[in-house]
Amino acid sequence: MTVTRMVEKSQIASRPAIRRADASKFIRAAALVVACTASVIATGCASLTPPTPVEPSAGATVEHYRGRFSVRYEQNGEARNTYGNFDWQQNGENATVQLLDPLGQTQAIVRENPRSASLELPGKAPLTGPRLEDVMHDALGFALPVGGLRYWLRMQGAPGSQASIERDPQTQRPTHLKQDGWTIDYQAYFDGTPLRVKRVDLSRDLDGSPLAVRLVIDE
């Protein structure tokens, strides 16, 4: 089912209207854009104009990640998967994330700052909401990890809940992290220092609905 059909279905069912998002952590938006653009990227629809590069503000540096992602999930008992590329820029609390199809066309853009968050899809009005998890469910019917991924990529637990970390006894590099029902497997690291994650797998099985995400960071 495409994003358009799922949004239409939610409107027919008279579900509560989506409102503008309150301030939230950047990774909530990053997780949302991966989910909400899955069907768009897979079908190769019209693309968006790429955002301009983020300029660092005074006293801050821009964190920049480029790489590839894949998502495997179940919907109505049917196994589904999608994949593409991502470009993530964060300047303090201000973030811009774009999701691209395998041909390099921008299929989704997320912008978030302490005042608001928005998701742009081709030919659609921006999607916003007080809880990005709710927007995700309205669009696709499932939720990706929110609030944690930004910390997990730094090989640490997110604040606010208990996390357990397993390390390789020889290198002391993290191998597994568990938090909030998610299992994070660190599959590969870049050479050199400081230590940086190159490939990470995330998995969760909630109420019999498995969800798996893979991120491969190219730079």
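- The protein chain appears in an unreviewed UniProt entry as Outer-membrane lipoprotein LolB from Pandoraea anapnoica.
- Recorded under Subcellular location (unreviewed entry), the UniProt text for the protein chain is reproduced unchanged: "Cell outer membrane".
- Under Sequence similarities (unreviewed entry), UniProt gives the following word-for-word description of the protein chain: "Belongs to the LolB family."

### Observations regarding the packing of aromatic side chains
Here is step 1: All told, the structure shown has two aromatic pairs when counted by the stated rule.
Here is step 2: Considering the side-chain rings of tyrosine 65 and tryptophan 88, the 4.7 Å spacing of their centres and the 40° angle between planes classify their relative orientation as tilted. With tyrosine 65 in strand β1 (residues 62–75) and tryptophan 88 in strand β2 (residues 78–91), the pair connects residues that are 23 residues apart, well separated along the chain. You'll find tyrosine 65 and tryptophan 88 in the same group, each marked buried.
Here is step 3: Both rings, one in tyrosine 186 and one in tyrosine 189, keep their centres 6.3 Å apart while their planes meet at 25°; by these two values the pair is stacked. Side by side, tyrosine 186 and tyrosine 189 carry an identical accessibility label, which is buried.
Here is step 4: Sitting above the plane of the phenylalanine 190 ring, arginine 196 keeps its charged end 4.2 Å from the centroid.

### Looking at the environment of threonine 128
Here is step 1: Among the secondary structure elements, threonine 128 is positioned in the loop between β5 (116–120) and α4 (132–140).
Here is step 2: Classification of threonine 128 as buried rests on a relative accessible area of 16%.
Here is step 3: On a C-alpha basis, the gap between threonine 128 and serine 118 in space is 5.1 Å, while along the polypeptide they are ten residues apart.

### Observations concerning the nonpolar core
Here is step 1: Formed by 30 residues in total, the largest nonpolar core has its most connected members in Phe86, Trp152, Ile184, Tyr186, Val200, Leu202 and Leu215.
Here is step 2: Only β1, β2, β3 (94–100), β4 (106–113), α5 (149–152), β8 (182–189), β9 (197–206) and β10 (209–217) provide two or more residues apiece to this core.
Here is step 3: For valine 200, the residues in contact, after removing those within four places along its chain, are Leu153, Ile184, Asp185, Tyr186, Val213, Arg214 and Leu215.

### What about the environment of threonine 49?
Here is step 1: Inspection of the secondary structure assignment puts threonine 49 in the loop between α3 (38–43) and β1.
Here is step 2: Residue threonine 49 is classed as exposed on the basis of its relative accessible area of 66%.
Here is step 3: Residues threonine 49 and threonine 106, 57 residues apart in the sequence, show an inter-C-alpha distance of 6.8 Å.

### Brief notes about the sheet that holds β2
Strand pairing in a sheet relies on backbone hydrogen bonds, with the paired strands running either antiparallel or parallel.
Here is step 1: The strand order across the open sheet built from ten strands is β5-β4-β3-β2-β1-β10-β9-β8-β7-β6, with neighbouring strands paired in antiparallel fashion. Of all the strands in the sheet, just β5 and β6 (163–167) have a single pairing partner and so form its edges. Put simply, the sheet's adjacent strands are angled 15° from each other on average, direction ignored.
Here is step 2: As defined by bridge partners, β1 adjoins β10 across seven bridges and the pair is classed as antiparallel.

### With respect to the pattern of salt bridges
Here is step 1: If you walk through the whole model with that rule in mind, you get four salt bridges.
Here is step 2: For the salt bridge of glutamate 78 with arginine 80, the shortest nitrogen-to-oxygen distance reads 3.7 Å.
Here is step 3: Exposure remark for glutamate 78: the relative accessible area of 44% places this residue in the partly exposed category.
Here is step 4: Relative accessible area serves as the criterion here: at 25%, arginine 80 is assigned to the partly exposed category.

Rules used in this analysis
Residues numbered from 1 in each chain as written. Predicted model: local features only at pLDDT ≥ 70, side-chain atom pairs only at ≥ 80, totals over all residues. Heavy atoms only, no water. UniProt positions renumbered as here; feature names shortened; annotations may be inferred. Phe/Tyr/Trp six-rings, centres within 6.5 Å; stacked < 30°, edge-to-face > 60°. Helix = DSSP H or I, 4+ residues; strand = E, 2+ residues; numbered from the N terminus. Buried < 20%, exposed > 50% of the residue type's maximum accessible area, 1.4 Å probe, protein only. Lys NZ or Arg CZ within 6 Å of the ring centre and 35° of its normal. Core = buried A, V, L, I, M, F, W, Y, C linked by side-chain atoms within 4.5 Å. Contact = heavy atoms within 4.5 Å. Pairing = 2+ DSSP bridges. Axes fitted to C-alpha atoms, helices over the stretch in contact; angles between N-to-C directions. Salt bridge = Lys/Arg side-chain N within 4 Å of Asp/Glu carboxyl O.

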